[in-house]
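An overview of the molecular structure
In case you want the letters, here they are:
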Amino acid sequence: MTALATAPATLVAHGIGSREDLPLPLGWAIAGAASAVVVSFVLLGLLWREPRLNAEKAGRPLPEAVARVLDAPAFRRTLAGAGLLAAGYTLLALIFGPNDARNPVPWIVYVLLWVALVPASVLFGPVWRQLNPLRTVHTLLNRAAGLDPRDGVRELPAGIGWWPAAAGLFGFAWLELVSADPASLSTLRWAIALYCAVHLLAALVYGSRWFDRGDAFEAWSGLYGKISPLGRRLADDVLVLRAPLVGLDGVRGAPGLVATVVVMLGSTAYDGLSGSATWARFTQSHALSRQLAGTFGLAATVLALAGLFVLCTGVAGRLGGIGVRESANAFAPSIVPVALGYVVAHYYSFLAVEGQQAFIRLSDPLGIGANWLGTAGLQPSYALVTPSIVANIQVVAIVVGHVLGVIVAHDRAVKLFPRPKAVVGQIPLLALMVTLTCLGLFLLFWD
Amino acid sequence: MPHPPRPGLAALVLAVPLVLAGCGGAASSAAQGESPSSASGSSDSASSASSGSAGSASASPSGCTVGRTITVKGSSVTPPPASVDVTSGCLVRLIVTVDRSSEVHVHVVNLDKPVTAGTPATIEFTPTQQGVYEVELHDPDLLLVKLAVR
């Protein structure tokens with residue numbers, strides 16, 4: 001009874017996980033911000049004057065044997081099968097597992113699917129596209145009916161673009177950071193059922209293309225996957241090893257792209273904001289309902305970042321001689337590394353600790369005292385989350401994310417802006433990046 | 001690709017921790033400096049814990065105590081929630097008075113304490129693991145205080 005009663009309480013912060021990092025010491029935050037500014041101007045002065053990130057042609061083809069394995073239908077089927085197996089395991093715990101903190105589903109959703117997918121994608125590319133169990137179920141349904149999964153009953157309208165993914169990411173952030181009881185089984189049952197129903201229906205209507213930009217997790221994994229050194233050369237679709245970030249050059253402007261990257265950034269920023277005592281003081285002193293204040297705070301964070309982004313890229317575009325919309329789309333990919341920095345800074349310790357908790361719980365998904373994976377009795381190690389390790393990783397992640405964002409933006413600017421205007425056109429972009437970096441550090445420092 | 005951007009980048013990435021290392025000393029002392037003033041409430045009890053009068057489970061080996069007296073009326077918490085610095089191994093003593101019976105939960109140490117309306121409840125524990133501990137009231141869900149344990 002006590003275990004049942006306390007279970008939801010220990011699952012509040014971040015959806016799960018009660019441990020929080022110490023705030024960043026002021027000196028570290030200032031050092032991080034200062035190095036971001038210095039590094040920006042050094043980069044701007046020293047960087048290449050010709051575009052160098054070329055997703056069309058760059059990269060060295062993988063050794064033939066490796067490429068043959070990775071491209072083999074059997075390998076694809078293995079990954080899809082692994083995704084199905086993981087989904088089945090999750091459903092088992094979701095439907096039959098205990099309704100308390102022993103249930104692994106919150107850890108599967110908020111730690112493994114959401115956070116661990118980021119490093120997996122940054123290393124290996126858009127892995128969720130291969131694992132996505134809904135894509136596989138959709139394919140199997142079509143095959144069973146003798147249909148081509150790519151065909152829907154309607155053409156996917158071009159105006160939809162990334163908007164469903166942006167909405168899905170916002171919805172997921174809301175579920176995790178705002179909803180009343182994100183880790184409770186009933187919340188997760190509803191959320192997962194709704195997610196499956198929406199995407200299977202949409203895929204049946206529009207064909208499997210729907211998942212490319214409609215599924216929040218494919219978009220999340222796909223955009224972070226563009227940073228990966230492993231990718232496909234656009235010119236010939238060959239698997240290549242390439243400099244990280246080259247893939248971001250291949251991201252083309254489309255409706256909803258800006259919204260998607262801004263939500264990626266804003267959801268993490270709001271996570272930092274809402275965890276602060278200042279935020280609690282504000283909401284509690286106004287007797288606001290937690291959900292109402294949270295919904296407002298999340299939306300306001302995303303909208304403020306969107307406004308800042310459109311303003312800065314718009315001014316840059318005007319200085320460089322291109323339109324506001326074109327400019328926002330063109331520079332959207334440069335936000336992806338910045339968002340990656342935010343994710344690493346905010347979720348490193350969460351992944352390090354709760355990732356272990358996930359595997360401990362996965363061993364006994366039904367709460368029957370089983371130990372299917374041999375990890376049930378383990379205690380999580382905190383060796384990787386000492387305050388100094390965490391603070392170092394946080395500052396380095398924010399600053400490196402900033403540097404990579406500046407590089408991507410610079411490369412775009414050199415491509416788009418005529419030579420004499422390229423440097424002056426980048427000043428608003430630099431202001432944007434420095435602001436986002438200082439904001440990221442401030443959220444880590446603030447309490 | 002003919003001109004990979006990586007060498008310059010790597011140098012910059014390497015430079016960052018060096019900058020940080022230079023600031024580390026000043027940073028940590030700045031953080032420590034805040035702790036005495038932010039331990040408000042019943043901070044006059046700082047010397048009383050060493051005699052062992054507190055329960056044996058919560059006695060602090062180092063003899064230091066951080067106290068805070070918190071009153072909850074409706075959804076208003078007095079003093080308003082803030083982050084309070086605690087040295088690892090010190091005894092934390094919270095005296096909580098609520099206007100509606102509920103339960104106080106201390107994260108990380110996973111301590112639950114029922115509190116009765118109108119009766120001050122004393123909650124004591126000795127955190128040793130560094131990190132931020134949220135102390136919150138259930139029903140209504142309110143953050144009471146955050147303890148930054150260093």
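Residues numbered from 1 in each chain as written. Chains lettered and ligands numbered in written order. Predicted model: local features only at pLDDT ≥ 70, side-chain atom pairs only at ≥ 80, totals over all residues.

1. What about the overall build of chain B?
The criterion, for reference: Helix numbers and strand numbers start at the N terminus; a helix is a DSSP run of H or I with at least 4 residues, a strand a run of E with at least 2. Counting other C-beta atoms within 10 Å of a residue's C-beta gives its exposure: the residue is buried at 20 or more, exposed at 12 or fewer, and partly exposed in between, where C-beta atoms are placed from the backbone. Placing C-beta atoms from the backbone, we regard two residues as in contact once those atoms come within 7 Å.
Check the secondary structure of chain B and you find two helices and nine strands. Listing the helices and strands of chain B from first to last along the sequence gives α-α-β-β-β-β-β-β-β-β-β. Scored against the burial criterion, the 150 residues of chain B give a buried share of 37%. Nonlocal contacts in chain B, meaning residues at least 24 apart in sequence, comprise 63% of its contacts between residues at least 6 apart.

2. A few points about the sheet that holds strand β6 (residues 111–115) of chain B
In a beta sheet, neighbouring strands are held together by backbone hydrogen bonds and run either parallel or antiparallel to one another. Note the threshold: Strands qualify as paired when DSSP identifies two bridges or more between them. Helix axes are fitted only over the stretch in contact, all axes being lines through C-alpha atoms; the angle between N-to-C directions runs from 0 to 180 degrees.
Read across the open sheet, the five strands follow the order β3-β9-β8-β5-β6 (chain B); overall the sheet is mixed. Each edge of the sheet is formed by a strand with only one pairing partner; in this case those strands are β3 (83–86) and β6 of chain B. Pairs of neighbouring strands in the sheet enclose a mean axial angle of 20 degrees, with direction left out of account. By the bridge criterion, four bridges tie β3(B) to strand β9 (residues 142–149) of chain B in an arrangement that is parallel. Counted as the bridge partner of Val86(B) is Val149(B) from β9(B). Contacting β3 and β9 of chain B, helix α14 (residues 277–285) of chain A runs over the sheet at an angle of about 165 degrees to β9(B).

3. A few points about helix α15 (residues 290–320) of chain A
Residue and element names in this part refer to chain A. For clarity, the cut-off: Helix span is expected to be 1.5 Å times the residue number reduced by one.
Taking 1.5 Å per residue as the helical rise, α15 with its 31 residues ought to reach 45 Å, and the 44 Å between its terminal C-alpha atoms agrees with that figure. Gly294, Leu298, Thr301, Val302, Leu305, Phe309, Cys312, Thr313, Ala316, Gly317, Leu319 and Gly320 are the residues of α15 that are buried. Against α9 (163–177), α13 (257–274), α16 (324–331), α17 (335–362), α18 (387–416) and α19 (419–445) lie the buried residues of α15. Positioned one or two residues after α15, glycine 321 has a phi angle of 85 degrees, which is positive.

4. Concerning the sheet that holds strand β2 (residues 76–78) of chain B
Residues and elements named next belong to chain B. In space, the four strands of this open sheet follow the order β2-β1-β4-β7, with mixed pairing throughout. Looking at which strands have only one partner, the edges of the open sheet turn out to be β2 and β7 (121–125). This sheet shows a mean twist of 25 degrees between the axes of neighbouring strands, independent of strand direction. Alignment of strand β4 (residues 91–98) against β7, held across five bridges, turns out to be antiparallel. Across the sheet, leucine 94 pairs through a bridge with isoleucine 123, a residue of β7.

5. Regarding α13(A)
Over its 18 residues, α13(A) extends 25 Å from the first C-alpha to the last, a length consistent with the 26 Å expected when each residue adds 1.5 Å. Within α13(A), 18 of the 18 residues are buried, which leaves the element mostly enclosed by the surrounding structure.

6. A short note on the nonpolar core
Heads up, the condition is: Residues enter a nonpolar core if they are buried, belong to Ala, Val, Leu, Ile, Met, Phe, Trp, Tyr or Cys, and are joined to the set through C-beta atoms within 7 Å.
Counting residues in each nonpolar core, the largest one holds 148 residues, and the members touching the most others are Leu169(A), Val261(A), Leu265(A), Ala339(A), Leu144(B) and Leu147(B). Residue contacts for Leu147(B): discarding those within four places in its chain leaves Val84(B), Val86(B), Val92(B), Pro127(B), Val132(B), Tyr133(B) and Val135(B).

7. Remarks on the packing of α18(A) against α19(A)
Residues and elements named next belong to chain A. Stated precisely, the cut-off is as follows: Working rule for angles: under 35 degrees goes down as roughly parallel, over 145 as roughly antiparallel, 65 to 115 as roughly perpendicular, anything else as oblique. Take the far helix as your reference; a near helix turned counterclockwise from it by less than a right angle gives a left-handed crossing, and one turned clockwise gives a right-handed crossing. Under the convention adopted here, Pro, Cys and the residues Ala, Val, Leu, Ile, Met, Phe, Trp and Tyr are nonpolar, Asp, Glu, Lys and Arg are charged, and Gly plus all remaining residues are polar.
For the pair α18 and α19, interaxial distance at closest approach is 10 Å and the crossing angle is 165 degrees. One finds that α18 runs roughly antiparallel with respect to α19. By crossing handedness, the relation of α18 to α19 is classed as right-handed. Between α18, through Gln394, Ile398, Val399, His402, Gly405, Val406, Ala409, His410, Ala413 and Val414, and α19, the contact on the second element is made entirely by Ala422, Gly425, Gln426, Leu429, Leu430, Met433, Thr437, Gly440, Leu441 and Leu444. Each residue belonging to the contact of α18 with α19 can be placed in one class, and the counts come to 12 nonpolar, eight polar and no charged.

Remember, this is a structural readout, not a statement about activity or role.
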